[in-house]
Each structure stands twice: as structure tokens, then as C-alpha cells.
Amino acid sequence: MNAPNRFELYVLEDGEKPVEVTEDTKIPNAATFKVVKQDHTLGNMLRAQVLSMPQVLFAGYKVPHPLHPHFLLKIQTDGTITPQAVLEQACTKLIATLSSLEAKFKREFSFKDVEGAVPEDPYGTAGTGAQTWGTGKDYLDF
């Protein structure tokens, strides 16, 4: 089988760096970042976060081959800030966004356990003068 062992897709080996930076010699204010042991999930989130910054002229990523667990992220800036600094800021903002999302997610699911959080009448017809079924059963009850 050609596929590597699953642990090789996300566990860094001894001495392996998670990010490698290559300055672009042909394009000014540009760099290519090789992020190992990651895939489209992180690549697309980072690209979108980097593109939201006004100093960025170009940002794109690619996964060279599906059996190789890394992606390449290319960033070009307008020269007021380095691509490395842009990536650091994007990572910081992305971590903050994901932390906020996690907190909201946990808060919403904590309401699920509170008694009385879900109204007895899920359709909101009680007290509105709407007609209710006389038997107390739902129309799907046979």
C-alpha cells in the first residue's frame, strides 16, 4: 500500500521543524512557507486570514501531493511589513477567532443541560390563540 502510516501524517519526527521559510528571489516582499504535518484545513484558514489583512497583495496555498503531509503557503506583501510578520499576526488572530468560537460553542451546549431551557411548546403556539390538537398528541403520532 502506498499510503504512509497514519501517525506519520501528524506527528513531528525528532528534529523536524514545523515551518520552513523560503524567501522568494523573483518576487519582491514575498516568501513561501512550508508547513509540515498539516493539510487543507489549516492551509485554507491561514490563507483566508492572511488575505483579510490590508498589507497583503497575494496569498495562496497548495498541497503538492495528497500522500505528502504538508502544504506550501505563499505570501506577498506591499513592503510595509514582512511576510513572516503577516503570518505571525494571522496566526494570532486565527487562534483568537477559534478560541471565541470554542467559547460560544461550549456556552450554547451548556444551555442544553439547563432544565426549562427548551419550551414545552416547541412550535410557540401556546397562548397565541392558535388552534391546538385536542388529544395532546402530535400529528405524527399514530
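Residues numbered from 1 in each chain as written. Predicted model: local features only at pLDDT ≥ 70, side-chain atom pairs only at ≥ 80, totals over all residues. Heavy atoms only, no water.

In terms of regular secondary structure, the protein is built from two helices and four strands. Each helix and strand of the protein, ordered N terminal to C terminal, gives the series β-β-α-β-β-α. In the protein, which comprises 142 residues, the share counted as buried stands at 19%. Counting contacts in the protein only where the partners sit at least 6 residues apart, residues at least 24 apart contribute 53% of the total. Total accessible area on the protein is roughly 10,900 Å²; 57% of this is exposed by carbon and sulfur atoms. (Helix = DSSP H or I, 4+ residues; strand = E, 2+ residues; numbered from the N terminus. Buried < 20%, exposed > 50% of the residue type's maximum accessible area, 1.4 Å probe, protein only. Contact = heavy atoms within 4.5 Å. Areas by Shrake-Rupley, 256 points an atom, 1.4 Å probe, with all protein chains shown as cover.)

The next point concerns the pairing of strand 4 (residues 70-77). Extensive coverage of strand 4 is indicated by the burial of six of its eight residues. With seven bridges joining them, strand 2 (residues 30-36) and strand 4 adopt antiparallel strand pairing. Of the residues in strand 4, the one forming a bridge with Ala31 is Ile75. Bridge count for strand 3 (residues 56-62) against strand 4 is six bridges, and the pairing is antiparallel. Directly across from Ala59, in strand 4, lies its bridge partner Ile75. (Pairing = 2+ DSSP bridges.)

Positionally, Gly60 belongs in strand 3. What Gly60 contacts, discounting residues up to four positions off in sequence, is Arg47, Leu72, Leu73 and Lys74.

Turning to the confidence of the model for the protein, a few remarks are in order. Looking at the protein, the pLDDT average stands at 84 and 77% of residues meet or exceed 70. Mean pLDDT per element in the protein: helix 2 (residues 83-112) is the minimum at 92, and strand 3 is the maximum at 97. (pLDDT = per-residue confidence, 0-100.)

As a further point, take the sheet that holds strand 3. Pairing is antiparallel across the open sheet formed by four strands, whose spatial order is 1-2-4-3. Taken across any chain shown, the strands that pair with only one partner, and hence form the sheet edges, are strand 1 (19-23) and strand 3. Averaged over all adjacent pairs, the angle separating strand axes in this sheet is 15 degrees, with direction ignored. Taken strand by strand, helix 1 (residues 40-51) contacts strand 2, strand 3 and strand 4, and its axis lies near 175 degrees from that of strand 3. (Axes fitted to C-alpha atoms, helices over the stretch in contact; angles between N-to-C directions.)

Attention now moves to the packing of aromatic side chains. Summed over the entire model, instances satisfying the criterion amount to two aromatic pairs. Taken together, a centroid distance of 6.1 Å and an interplanar angle of 80 degrees make the contact between Tyr61 and Phe71 edge-to-face. One end of the pair, Tyr61, is in strand 3; the other, Phe71, is in strand 4, and 10 residues separate them in sequence. (Phe/Tyr/Trp six-rings, centres within 6.5 Å; stacked < 30°, edge-to-face > 60°.)

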